[in-house]
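Notes for the structure review
The primary structure of each chain is shown beneath.
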Amino acid sequence: MSKYIRQATSADLPAMMAIIEQGKHALAADQIPQWQDGYPLAADIQADIDARIAWVLIVDDQIAGTAALLTTPDPNYAIIYDGSWAPTENHRYASIHRIAIANGYHGQHLTDFYFSNLITMSYQLGFRQLRIDTHLLNKRMQHIITKAGFKYRGIVYMNHDNNDQRNAYQLLLS
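Residues numbered from 1 in each chain as written. Predicted model: local features only at pLDDT ≥ 70, side-chain atom pairs only at ≥ 80, totals over all residues. Heavy atoms only, no water.

In this structure, Thr 111 sits in helix α3 (residues 110-124). Ignoring anything within four residues of it in the chain, the contact list for Thr 111 reads Ile 101 and Ile 144. (Helix = DSSP H or I, 4+ residues; strand = E, 2+ residues; numbered from the N terminus. Contact = heavy atoms within 4.5 Å.)

Shown next, in the form of structure tokens:
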């Protein structure tokens, strides 16, 4: 099985959106309200592509996953509650968002591979910390995040909405 990640292009948008829709259905089936209000829309994913922060996971020449690797500060991470970000010499960080694996690829530990590649890319870009968040009820993603080495740091709110709480995690690289 060949597998790697590459930067997404506009031609990848339909496959990426199909994976996002599968992710939305999986979250709904688990009664997790994350991604249930329309977000992320095709326009959000296209904006990631245009900003050159969208990455696809390729397995045997097929798009098996989608993610965004932000290299600018996420406004949702400016304030953290019931915890704190670990102090670092350099406050720059990358963050992983909108990550999903296509249904036909579950159970192959591809998320571990995907995370490893995104972490390596972040390091190569000069970042020594990464951040990520997920819904309190999203136990599957929490397991994947902590398995990748991220540590729970506290709670953040999406767009300052008190009803849209997320668990926040941080990974420090040396």
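Here the focus is helix α1 (residues 13-29). With 17 residues, α1 extends 24 Å between its outermost C-alpha atoms, agreeing within 8% with the 24 Å of an ideal straight helix rising 1.5 Å per residue. Among all positions of α1, only Leu 13, Met 16, Met 17, Ile 19, Ile 20, Gly 23, Lys 24 and Leu 27 are buried. Considered in projection along α1, the buried side chains sweep an arc of 160° and stay on one side of the axis. For α1, the exposed residues lying more than 90 degrees away from the buried face are Pro 14, His 25 and Ala 29. Next to the buried residues of α1 lie α2 (42-50), β2 (54-59), β3 (62-70) and β4 (94-101). (Expected span 1.5 Å × (residues − 1). Buried < 20%, exposed > 50% of the residue type's maximum accessible area, 1.4 Å probe, protein only. Arc of directions from axis to C-beta.)

A word on the pairing of β4. With 8 of 8 residues buried, β4 lies mostly within the body of the structure. Here β4 runs beside strand β5 (residues 129-135); their pairing, made up of 2 bridges, is parallel. Pairing of Ala 94 across the sheet is with Leu 130, part of β5. Remark: the β4/α3/β5 crossover connection has right-handed handedness. (Pairing = 2+ DSSP bridges. Right-handed = clockwise from strand over helix to strand, strands pointing away.)

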